[in-house]
Amino acid sequence: MNFKKIILYISLVILLVVAYFGFKVYQIVFTPNTSFSEEKVTVFVPTNANFEEVKAIISPFIKDMDKFETLANRRGYATEVKAGKFELTKNMNTNSIVSALRRSVPVRVTFNNQERLENFAGRIASQIEADSIQLLQAFKDPKFLEENGFTEETIFTLLLPNTFEFYWDTSAEKFRNQMAKEYYRFWNDERKAKAEKLGLTPIEVSILASIVHKETAKVEERPRVAKVYLNRMDIGMPLQADPTVIYAFKLVSNDFNQLIKRVYYKHLEVESPYNTYRNAGLPPGPIFMADVNAIDAVLNPEQHDFLYFCASVERFGYHEFATTLEQHNVNARKYSAWLNAQTSGN
């Protein structure tokens, strides 16, 4: 065998070895390596998770874990695990899987219609990594409260219902701080000037707005309801707001799951600073998460002299307003008669 043939054979062997290893690399890197039928699945990697924990999390969705582990080690992912929410797509190859686990996708965090900070914390905990206890501790942190002029009773006014984007592994403190930024952005000079003209602080506006929000779901009626309460406050009349009585009764009985559709004398007699039948002025904190519309209704009240209102029997969902107690009693008797008729009919 001459020298040229030897070189040729060696070259062929090298080509075969390279082709073999190239094929193996192709199999590891570029062939599909998922085992789910859905178009997309979502996985969550907690903060401080290690590579073994990641493998356990994604194992139900990976066809060949050895291929994944091999490439993850080669690309350095095994020692640089990233926390967050990640999306894997059907028939994704191993290389794309590793890349996807390095690109956390944001989550849309939505909240509204919450009655207490505890309810809110539970709602947020279902959408980001921080749990409800961590969130409550962050919002009730004494230093944060003092620096921002809130108390444990008023901190709920910091929250403005909306939809926001966060990364899933956002900490409770970062989430709280972002909510504070949104709050101060909302309370611009124009809104603060309107509050000052009413003789109220932004916190007091939000407390009153929480009552207005609970009194009526009709957006167009809120400025009128807001002005009724402002009129009462101007003359030193108790607010006498049924939603505050309901809140007070739930608070005193430590049962916020109960459904109270009608206010009775037992509710009116409850001893609580939130009972605005027994206490003049605003309650010490909000009774609900007021939305932006309710806050702006307080800041831009309809101009009128009404001091009373009750539910309308002719325009359901709306209210009948009155300037005198005599007029109000007529409206109230009409509503009471209608309500009793509905009850007896059942």
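Residues numbered from 1 in each chain as written. Predicted model: local features only at pLDDT ≥ 70, side-chain atom pairs only at ≥ 80, totals over all residues. Heavy atoms only, no water.

## Side note on empty space enclosed by the protein
Within the structure shown, the criterion is met by one cavity of 30 Å³ or more. Considering only enclosed or pocket space, the largest cavity measures out at about 50 Å³ in volume. For the largest cavity, the full set of lining residues is Phe156, Thr157, Leu159, Leu160, Ser206, Ser210, Pro286, Phe288, Met289, Ala290 and Ile295. Considering only residue class, the lining of the largest cavity consists of eight nonpolar, three polar and no charged. (1 Å grid on protein atoms, 1.4 Å probe; cavity = no way out; pocket = protein on both sides within 12 Å on 5 of 7 lines; lining within 4 Å. Points joined across faces, edges and corners; volume = space filled by probe spheres on them. Nonpolar A, V, L, I, M, F, W, Y, C, P; charged D, E, K, R; others polar.)

## Thoughts on the packing of aromatic side chains
Considering all chains together, one arrives at 20 aromatic pairs under this definition. Directly above the aromatic system of Phe256 lies the positively charged group of Arg116, at a separation of 4.1 Å from the ring centroid. For Arg176, the ring lying beneath its charged end belongs to Phe144, and the centroid distance is 4.2 Å. (Phe/Tyr/Trp six-rings, centres within 6.5 Å; stacked < 30°, edge-to-face > 60°. Lys NZ or Arg CZ within 6 Å of the ring centre and 35° of its normal.)

## Details of the layout of surface pockets
Over the atoms, a rolling probe the size of a water molecule traces out where space has been left empty. The calculated volume of the largest pocket comes to roughly 1400 Å³. Around the largest pocket, the lining comprises 37 residues; the ones closest to its centre are Asp242, Val263, Tyr277, Ala311 and Tyr335. Examining the composition of the lining of the largest pocket, we find that seven residues originate from one element, helix 15 (residues 325-345), more than from any other. Considering only residue class, the lining of the largest pocket consists of 22 nonpolar, seven polar and eight charged. Considered as a void within the structure, the second largest pocket measures approximately 260 Å³ in volume. In terms of lining, the second largest pocket is formed by Glu115, Arg116, Leu117, Glu118, Lys140, Glu152, Glu153, Phe156, Tyr247, Leu251, Tyr274 and Pro286. Contributing elements (two or more residues each) for the lining of the second largest pocket: helix 5 (117-125) and helix 12 (242-253). Along the lines of polarity and charge, the residues of the lining of the second largest pocket split into six nonpolar, no polar and six charged. (Helix = DSSP H or I, 4+ residues; strand = E, 2+ residues; numbered from the N terminus.)

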